[in-house]
Every structure is written in structure tokens, then in C-alpha cells.
Amino acid sequence: RAANPRLKAYVFLNRADPEVLCVRGKWGVGKTYTWSKALEAAHALKKVKLARYSYVSLFGVNSLDELKLAIFENVITLSNGVRKADLDTLDAYVSSIGSWRKLARIAQSIPLVRNLVGSEVGGVVSFLTIRDQIICIDDLERRGQKLEVSDVLGLISYLREQRNCKVVLLLNDEQLAVEARQAFDRNLEKVADAALVFEPS
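Read on for an overview of the structure.

Cut-offs used in this document
What you see as residue numbers is a count from 1 along each chain, following the sequence as written. Per-residue local features of the predicted model are confined to residues with pLDDT of at least 70, and side-chain atom pairs are confined, for both listing and counting, to 80 or more; whole-chain, interface and lining totals are unaffected and use all residues. Hydrogens and water molecules were not included; the side-chain quantities draw on all heavy atoms of the structure. Salt bridges, as used here, are contacts in which a Lys or Arg side-chain nitrogen is within 4 Å of a carboxyl oxygen on Asp or Glu. Working definition: with a 1.4 Å probe on protein chains only, accessible area under 20% of the residue-type maximum means buried, over 50% means exposed, and in between means partly exposed. Helical segments are the DSSP runs of H or I of at least four residues, strand segments are the runs of E of at least two, and each set is numbered from the N terminus. Helix span, as expected, comes to 1.5 Å for every residue beyond the first. For a residue, the bend is simply the angle between two axes, fitted respectively to the seven-residue segment ending there and the seven-residue segment starting there. Note on definitions: a residue-residue contact is assigned when non-hydrogen atoms from the two residues lie within 4.5 Å. Only buried residues count toward a nonpolar core. Its members are Ala, Val, Leu, Ile, Met, Phe, Trp, Tyr and Cys residues joined through side-chain atoms within 4.5 Å. Picture the helix axis, draw a direction to every C-beta atom, and the arc is the one those directions span. Whenever a nitrogen or oxygen atom comes within 3.5 Å of another N or O atom, the pair is scored as a polar contact, on the condition that within protein one atom can donate a hydrogen and the other can accept it, and that pairs from neighbouring residues in sequence are kept only if both atoms are in side chains.

1. Here we look at the pattern of salt bridges
Evaluation of the coordinates by the stated rule reveals 10 salt bridges. Taking the shortest distance from any N to any O, the salt bridge between Arg 83 and Asp 86 comes out at 3.2 Å. Its relative accessible area of 39% is what places Arg 83 among the partly exposed residues. According to the relative accessible area criterion, Asp 86 is partly exposed, its value standing at 35%. Connected through salt bridges with shared partners, the residues Arg 24, Asp 173, Arg 181 and Asp 185 form a single ionic network.

2. Some details on helix 9 (residues 178–191)
Along an α-helix, residues three or four apart share an orientation, since each turn contains 3.6 residues. Its 14 residues give helix 9 an end-to-end C-alpha distance of 20 Å, which sits within 8% of 20 Å, the value for a rise of 1.5 Å per residue. Along its length, helix 9 reaches its greatest deviation from straightness, about 25°, at Asp 185. When helix 9 is considered as a whole, its buried residues turn out to be Ala 180, Ala 183, Phe 184, Asn 187, Leu 188 and Val 191. Where the residues of helix 9 are buried, they touch strand 1 (20–24), helix 8 (149–163), strand 5 (166–171) and strand 6 (194–197).

3. Here's the deal with the nonpolar core
The biggest cluster of nonpolar side chains holds 36 residues, and the ones touching the most others in it are Ile 130, Ile 156, Leu 159, Leu 169 and Phe 184. Taken together, the elements giving at least two residues each to this core come down to strand 1, helix 3 (64–73), helix 4 (87–96), strand 4 (134–138), helix 8, strand 5 and helix 9. When residues of this core are assigned to their parent elements, the largest contribution, 6 residues, is made by helix 8. Once you skip the residues sitting within four places of it in the chain, Ile 156 turns out to touch Val 20, Ile 137, Val 167, Leu 169 and Val 191. In this structure, Leu 13, Leu 21, Ala 38 and Ile 134 belong to the second largest nonpolar core, which totals 21 residues.

4. Comments concerning the environment of Asp 65
Positionally, Asp 65 belongs in helix 3. A relative accessible area of 55% places Asp 65 in the exposed class. For the pair Asp 65 and Phe 127, spaced 62 residues apart in sequence, the C-alpha to C-alpha distance is 9.1 Å.

5. A closer look at unusual backbone geometry
One non-glycine residue, Asp 139, lies in the positive phi region at around 65°. You can see Asp 139 is positioned in the loop between strand 4 and helix 8. Positive phi values are uncommon outside glycine, yet Asn 164 reaches one of about 55°. Among the secondary structure elements, Asn 164 is positioned in the loop between helix 8 and strand 5. Overall, Asn 164 belongs to the partly exposed group, its relative accessible area being 35%.

6. Describing helix 4
Turning to helix 4, its buried residues are Thr 89, Leu 90, Tyr 93 and Val 94. In a view along the axis of helix 4, the buried residues occupy a sector of 130°, so they form one face of it. Projecting away from the buried face of helix 4 at angles above 90 degrees are the exposed residues Leu 87, Asp 88 and Ser 96. Backbone nitrogen of Asp 88 and a side-chain oxygen of the N-cap are separated by 3.0 Å at the start of helix 4; the cap is Asp 86.

By themselves, these are just geometric observations and shouldn't be taken as functional.
Below, the structure written as C-alpha cells:
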């Protein structure tokens, strides 16, 4: 438990090192709100060490491919301020990585690749651009039925270890089904560098 979770978030944001922070708490206690305000405050003080950020809710997300695409679609460049992702933020991000369009064109131009995976090429290529950024994954307990907790935690571990990302995981672990809760408890220690329970007075 942490007396001041916002302070923990400041410390987390003020380091460029890849790491995972897990924040657990009941519905309605303000986990997402507190995280968002901490990010805004740290950004205003120029204490955020990474330049890009994605916020993704797992509500209804049914596969890792959907999650990967959502991370890409929700990238914002923090130099433009902390704001909600939309078509403008996506266009600005894609424009800043001109190689993305080139890779997508090359992949689509190869008949074998195009015939095998079709439109999935864009999803694969888009996820290749995700690195050296902050990612907030919210609502693990509300994920779609086809998305396994262990798969989400595995992706989070990959993002930290292979893509140098800082990942925040927000959830109400008490609402996980028995098997999902067991998978979460079994794997969390391997994945999270720091974990806290958010219980404001």
C-alpha cells in the first residue's frame, strides 16, 4: 500500500528506465483519475522522461492483436501536451515516423505476404513502432473473454524488456474470475517492478 500513489507515479515518470508499475484498487476509488492527474502534473513540471504515451482500456478487447493495435492507435506525442488520442494525434504520430508508411507499402507490395496476412500487415508494422514510450493499460478485469490474463502480462513484460517501455497496469483484481486471479497472482511478481494497492481514505 502507498500513502501517496501520486508521488509513486512522479518517481516512475521521472525515470527513463523501462519498468512496470501495477496499481490495484476497487472500482470507483480513482485509480485512473489519479494516474492521469499525476501524468499531467509531471508533464507540466517537465519531469516526464519519455516523449510518447498511450492509454488503452482493455474493456471488450478480445485478442493481443487488438491490444497491440490499440496501443498504436492511442499514441500521443507529449511535446504537444497530455490530451486524448484522436485522428489528429494518430496522424501526427504516423507523420513523425515516415518509415512506418514505407514499411507498410513494402509489406503490402509482396504478393506472398499480402495473400497470407492481408490487412494484418498494417497491424504488425504499426506495433513495430512501439518502443521507448509510456503505456497505461487499464481495466484488466474488463477484458474480452478470449484475452487471457497471462497473455496480457506476457505482452507487458515484452514491452518492458524488448521495447524499453514503461508500463502502468491499472485494475480491480478482486473482480477477476478465479482462474484469471490465479494467473495474475502467479505472474505479477515476474512482471511488475513495483505494485501498490490504492485505498484512499
